Amino acid sequence: MSILPSMSGSAERPTPIQTSEEFFQRLSREDATTVNSIVENIRHLAEQYNHKPCYGAYGFFGVYAIGGTVTKQGERQDIDLLIATNAHWSHGYES
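Remember, predicted model here, so these are calculated numbers, not experimental data. (Residues numbered from 1 in each chain as written. Predicted model: local features only at pLDDT ≥ 70, side-chain atom pairs only at ≥ 80, totals over all residues. Heavy atoms only, no water.)

**Comments concerning the overall build of the protein chain**
Along the protein chain, the regular secondary structure elements total three helices and two strands. Order of helices (α) and strands (β) in the protein chain, N terminus to C terminus: α-α-β-α-β. Within the protein chain, buried positions represent 23% of all 95 residues. Taking the intrachain contacts of the protein chain between residues at least 6 apart in sequence as the baseline, contacts between residues at least 24 apart amount to 47%. Accessible area for the protein chain stands at about 6,900 Å²; split by element, carbon and sulfur atoms hold 51% of it. (Helix = DSSP H or I, 4+ residues; strand = E, 2+ residues; numbered from the N terminus. Buried < 20%, exposed > 50% of the residue type's maximum accessible area, 1.4 Å probe, protein only. Contact = heavy atoms within 4.5 Å. Areas by Shrake-Rupley, 256 points an atom, 1.4 Å probe, with all protein chains shown as cover.)

Rendered as structure tokens:
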């Protein structure tokens with residue numbers, strides 16, 4: 001999981017998260033388990049997709065944490081994840 005750094009820390013915007021470990025440390029145990037499960041599912045899907053590249057190209061898969069979880073201190077009410085890909089399945093995908 002890649003967390004892009006933001007501007008330097010301040011009262012409104014604390015020191016940016018530089019690593020996925022720092023991101024997971026800000027989450028409750030339950031939230032960290034859920035987010036890790038999503039990341040692992042996307043990784044598995046990417047491995048399946050890239051094992052047999054469609055249309056002669058490999059897929060891009062990214063999971064990004066966005067919003068308050070990245071930029072604010074303290075417990076958040078929710079966690080916003082952005083999942084991006086260029087993958088394409090003409091006939092669906094194997095579950």
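**Examining the nonpolar core**
The biggest cluster of nonpolar side chains holds 14 residues, and the ones touching the most others in it are Phe23, Leu27, Val35 and Phe61. Of all the elements in the fold, those that place two or more residues in this core are α2 (29-51) and β1 (61-66). With seven residues, α2 is the single largest residue contributor to this core. (Core = buried A, V, L, I, M, F, W, Y, C linked by side-chain atoms within 4.5 Å.)

**Observations concerning the packing of aromatic side chains**
Scanning the entire structure with this criterion turns up two aromatic pairs. Aromatic pair Phe23 and Phe24: ring centres 5.4 Å apart, planes at 75°, arrangement edge-to-face. Between Tyr49 and Phe61 the ring centres are 5.8 Å apart and the planes differ by 70°, which places this aromatic pair in the edge-to-face class. Note that Tyr49 is positioned in helix α2 and Phe61 in strand β1, a separation of 12 residues in sequence. (Phe/Tyr/Trp six-rings, centres within 6.5 Å; stacked < 30°, edge-to-face > 60°.)

**Overview of the confidence of the model for the protein chain**
Here the protein chain averages 75 in pLDDT, and 65% of its residues register 70 or above. Note that residues 1-10 has pLDDT below 50 and, in this model, 30 contacts with residues that lie over four places away or in other chains. (pLDDT = per-residue confidence, 0-100.)

**Quick notes on α2**
A rise of 1.5 Å per residue sets the reference length of α2, with its 23 residues, at 33 Å; its end C-alpha atoms lie 32 Å apart and thus fit the reference within 8%. Considered for burial, the residues of α2 that qualify are Ala32, Val35, Val39, Ile42, Leu45, Ala46 and Tyr49. Buried residues along α2 sit against α1 (20-25), β1 and β2 (80-85). (Expected span 1.5 Å × (residues − 1).)

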